[in-house]
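Analysis of the macromolecular model
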Amino acid sequence: MSLVFSEETHRNLLARIPHCTGREVSDWLRAVDDGPAFLRFEEKVSWLRHEYDLAYGHAKAIIHEHDKRRAARRLR
């Protein structure tokens, strides 16, 4: 399995998250904001997986989206 998702795969995973988890992506992004301040990507993914019992792909997509949005805010 590739460790890097294509943008299409990322969008597809995000679209399935509400159905699979029962929570909207925005709820997950807030949970990451409110969670521990890990620096490394994989630490964040691991925390999200274990704290909320998420699948690896969903946790990775949530953290990736969180990091993308945070980076976009810095560019403004």
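See the structure above.
All figures in this text were calculated on a predicted structure; none of them were measured in a lab.

About the thresholds
Residues numbered from 1 in each chain as written. Predicted model: local features only at pLDDT ≥ 70, side-chain atom pairs only at ≥ 80, totals over all residues. Heavy atoms only, no water. Helix = DSSP H or I, 4+ residues; strand = E, 2+ residues; numbered from the N terminus. Rg over C-alpha atoms; globule rule 2.2 N^0.38 Å. Buried < 20%, exposed > 50% of the residue type's maximum accessible area, 1.4 Å probe, protein only. Contact = heavy atoms within 4.5 Å. Areas by Shrake-Rupley, 256 points an atom, 1.4 Å probe, with all protein chains shown as cover. Lys, Arg positive; Asp, Glu negative; His and termini not counted. Charge placed at Lys NZ, Arg CZ, Asp CG, Glu CD. Salt bridge = Lys/Arg side-chain N within 4 Å of Asp/Glu carboxyl O. Core = buried A, V, L, I, M, F, W, Y, C linked by side-chain atoms within 4.5 Å. Phe/Tyr/Trp six-rings, centres within 6.5 Å; stacked < 30°, edge-to-face > 60°. Lys NZ or Arg CZ within 6 Å of the ring centre and 35° of its normal.

**Concerning the overall build of the protein**
Each helix and strand counted, the protein has four helices and zero strands in total. Seen in sequence order, the protein has helices and strands lined up from the N terminus as α-α-α-α. In summary, the protein has a C-alpha radius of gyration of 12 Å against a globular reference of 11 Å for 76 residues, a match within 12%. Counting over 76 residues, the protein shows a buried share of 32%. The long-range share in the protein, meaning contacts at least 24 apart out of those at least 6 apart in sequence, stands at 51%. Working note: accessible area of the protein is about 5200 Å², and carbon and sulfur atoms make up 52% of it. With 14 positive and 12 negative side-chain charges, the protein shows a separation of 4 Å between the mean positions of the two kinds.

**Some remarks on the pattern of salt bridges**
Pairing between side chains becomes possible if they bear opposite charge and their charged atoms approach one another. Overall, the coordinates contain six salt bridges when judged by the stated rule. A salt bridge links Asp 67 to Lys 44; its shortest N-O distance comes to 3.2 Å. Taken together, the residues Asp 67 in helix α4 (residues 56–75) and Lys 44 in helix α3 (residues 41–52) connect sequence positions 23 residues apart. In terms of burial, Asp 67 and Lys 44 fall into one category: buried. Glu 65 is the partner of Arg 69 in a salt bridge, and the nearest nitrogen-oxygen pair spans 2.8 Å.

**Thoughts on the nonpolar core**
Counting 15 residues, the largest nonpolar core has Ile 17, Trp 28, Leu 48, Leu 54 and Ile 62 as the members making the most contacts within it. At the level of secondary structure, the elements contributing two or more residues to this core comprise α1 (7–21), α2 (25–34), α3 and α4.

**Description of unusual backbone geometry**
With glycine set apart, most residues show a phi of negative sign, and most peptide bonds adopt trans. We note that Asp 53 has phi near 55°; this positive angle belongs to a residue other than glycine. Inspection of the secondary structure assignment puts Asp 53 in the loop between α3 and α4.

**Notes on the packing of aromatic side chains**
Remark: the centre distance and the inter-plane angle together describe each pair of aromatic rings, the angle taken between the planes. Applying the stated criterion across every chain, the model contains two aromatic pairs. Ring centres 5.1 Å apart and planes at 85° place the aromatic pair Trp 28 and Tyr 52 in the edge-to-face group. Here the residue Trp 28 occupies a position in helix α2, and Tyr 52 occupies one in helix α3, the gap between them amounting to 24 residues. Using a relative accessible area of 3% as the deciding quantity, one classes Trp 28 as buried. Among the aromatic side chains, those forming a connected cluster through ring pairs are Trp 28, Trp 47 and Tyr 52. Here the basic side chain of Arg 23 rests over the ring of Trp 28, its NZ or CZ set 4.2 Å away from the ring centre.

Structural measurements only, silent on function.
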